[in-house]
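Report on the structure
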Amino acid sequence: MTISQDGIILGAVLVGAGDGSYRGLWRDPDVPSEASTDIDWYAEQARQAEAAQFHFVFIVDSQFIDETFPPHHLNRLEPLTLLSAVAMRTERIGLAATISSTYAEPWDIARRLASLDVLSGGRAAWNIVTSMDPGTAGNFGRPAHLDGPTRYRRAAEAVRVVRRLWDSYEDDAFPRDRDTGEFLDPTRLHAVHHHGEFFDVAGPLNIQRSRQGQPVLIQAGTSEQGRQLSAEVAEIVFSFATTIAQARELADDVRERARHVGRDLSTLRFVPALSVSIGDSDEEVLALIRARRAATDDISAAARRALGNVAVDEAQLDAPVADLLRSHADVLTSTTARDFAVAAARGLTLRQWLNMQQAHWAHFCGAPHDIADEIQAWVESGAVDGFNLFVHEPQQYRRFCGEVVPILRARGLVRDRRANETLRESLGLPFPENIHTVARREGVTS
Ligand SMILES: Cc1cc2nc3c(=O)[nH]c(=O)nc-3n(C[C@H](O)[C@H](O)[C@H](O)COP(=O)(O)O)c2cc1C
């Protein structure tokens, strides 16, 4: 399979002081100890990615902590506030933010994302999550966290409403004619009048569309319902795939579902997570992996994260994974359930599995050209369109941007961004025409 003319998609997850995959990162002398709240740190990471022709930077988020959470989770900036500042320090890199459809209202989601999209010149993207931590309910006055299928139903409705709100103004709604005094053409402004299972939203929204029409939509859940939501609305599908076969299974399934709902398949991009260990010798690579492993979650914190962030006792650590797979079915993410199924088939206890566990996503090791080869092989397989980089050590990030990407560029696999390009244009995604403009042209009432 040949790689599309838009080249391999590259995203970078920006993390400051260390998340669950590398809890001890904040002790790296290269990382400012206040990195998670330091805008200069994020801007510098984003500028490196931009110079290396990445398509976007991405800020993950959640809205629940306790004292056991990893350093980055304990004290971090809210994604849209942070990305608005990053937008001012960069020129063309995409800005992707997680916002929970379970705990935010569509009108607010639409307005905040549209604001980022307008002020950045069409560079915003929304990672539509449904929130994993049951404890989040306690921060929003909810009696309980909604179950998975209900959260996904709410997410699907939220996206429908948000997209309608984004089309409140047609692109020629503001004549701003000083001579006639006509600021707004009211025939180009549209309310929403939505009444659904979860939301009642009158509309319209009080902000225009951006240069890219609407922010790009990203979805990362891979349960049954997550896949269906991706098929219906996602333009970028994030995932945690450890092998090309896993990535292909997801892409085939989502494409099949998308075909079923009448989607144009050329509007889907598959971008799984990737970690790297770049070294000039095997010894260097091994030393890096060992250092990282020594600085990751201790075993009870890792167990707790796997089991939906509830306290885990010694008896549970020594329980067969097969039992936990049954007893915790409703709190496991689809990725953890997938990994647990493998451990259960091997008869492992939770402690044994955690001690053996490697990253639950792709991890490429070796010299820069080895990493470039693997990236090329995955993309040429047709299973993925690019990677979302989870590389948080500054030295490794610099090597990826400064050594791996230039190899891919020299091979013609990463193309240079054009000045003034929107995120959609950089990804080869179509401009979403305003639904009301289309309806008028076609002579139907919207
Ligand atoms: C690359 C990637 C990034 C994610 N970022 C977030 C995030 O920022 N916040 C969040 O609550 N969940 C995040 N998730 C989790 C998923 O969106 C989803 O909620 C989780 O996988 C559980 O859903 P599932 O069982 O349908 O897979 C992320 C997942 C992936 C693969």
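Residues numbered from 1 in each chain as written. Predicted model: local features only at pLDDT ≥ 70, side-chain atom pairs only at ≥ 80, totals over all residues. Heavy atoms only, no water.

- An unreviewed UniProt entry lists the protein under the name Monooxygenase, from Microbacterium suwonense.
- Taken verbatim from the UniProt record of the protein, the Sequence similarities (unreviewed entry) comment is "Belongs to the NtaA/SnaA/DszA monooxygenase family." (UniProt positions renumbered as here; feature names shortened; annotations may be inferred.)

1. Overview of the overall build of the protein
- Helix and strand counts for the protein come out as 17 helices and eleven strands.
- A compact globule built from 446 residues should have a C-alpha radius of gyration of about 22 Å, and the protein, at 22 Å, falls within 12% of that.
- For the protein, the residues scored as buried account for 54% of the 446 residues in total.
- A total of about 19300 Å² of accessible surface is found on the protein, and carbon and sulfur atoms cover 52% of it.
- In the protein, 47 side chains carry a positive charge and 62 a negative one; their mean positions are 2 Å apart. (Helix = DSSP H or I, 4+ residues; strand = E, 2+ residues; numbered from the N terminus. Rg over C-alpha atoms; globule rule 2.2 N^0.38 Å. Buried < 20%, exposed > 50% of the residue type's maximum accessible area, 1.4 Å probe, protein only. Areas by Shrake-Rupley, 256 points an atom, 1.4 Å probe, with all protein chains shown as cover. Lys, Arg positive; Asp, Glu negative; His and termini not counted. Charge placed at Lys NZ, Arg CZ, Asp CG, Glu CD.)

2. Looking at the nonpolar core
- Ranked by internal contacts, the top residues of the largest apolar core, which has 77 residues, are F54, V57, W126, W166, I375 and F400.
- Tallying contributions element by element places helix α5 (residues 148-166) first for this core, with nine residues.
- Core analysis: the next-biggest nonpolar cluster, separate from the first, contains 18 residues, F56, A125, I218 and L423 among them. (Core = buried A, V, L, I, M, F, W, Y, C linked by side-chain atoms within 4.5 Å.)

3. Quick look at the site of the ligand
- Taken together, the neighbourhood of the ligand is formed by 20 residues, with D61, T98, Y152, S223 and S334 sitting nearest.
- Between the ligand and T222, the relevant distance is 2.8 Å, taken from an oxygen atom to a main-chain nitrogen or oxygen of the residue.
- Within the side chain of S334, one N or O atom sits 2.5 Å away from an oxygen atom of the ligand.
- The fraction of the free accessible surface of the ligand (620 Å²) that becomes covered by protein chains is 93%.
- Contributing elements (two or more residues each) for the shell around the ligand: β4 (124-129) and β8 (236-239). (Near = heavy atom within 4 Å. Polar contact = N/O pair within 3.5 Å; in protein donor to acceptor, adjacent residues only side chain to side chain.)

4. With respect to the side chain of S275
- With respect to the helices and strands, the residue S275 is situated in strand β9 (residues 269-278).
- Relative accessible area serves as the criterion here: at 8%, S275 is assigned to the buried category.
- Within the local environment of S275, its side chain forms a polar contact with the side chain of W361, the two groups lying 2.6 Å apart.
- Among all residues touching S275, those that are not within four sequence positions of it are W361, A362, H363, F364, F390 and V391. (Contact = heavy atoms within 4.5 Å.)

5. Regarding the pattern of salt bridges
- In total, this model carries 32 salt bridges according to the counting rule given.
- Residue E105 pairs with R154 through a salt bridge whose shortest N-O separation is 3.8 Å. Of the two residues, E105 is situated in the loop between β3 (94-100) and α4 (106-119) and R154 in helix α5; the sequence distance between them amounts to 49 residues.
- Residue E105 is classed as partly exposed on the basis of its relative accessible area, which comes to 46%.
- A salt bridge links D416 to R409, with the nearest nitrogen and oxygen atoms 3.0 Å apart.
- On the accessibility criterion, R409 (31% relative accessible area) is partly exposed.
- Among the charged side chains, a salt-bridge network with shared partners connects E224, R227, E249, D253 and R257. (Salt bridge = Lys/Arg side-chain N within 4 Å of Asp/Glu carboxyl O.)

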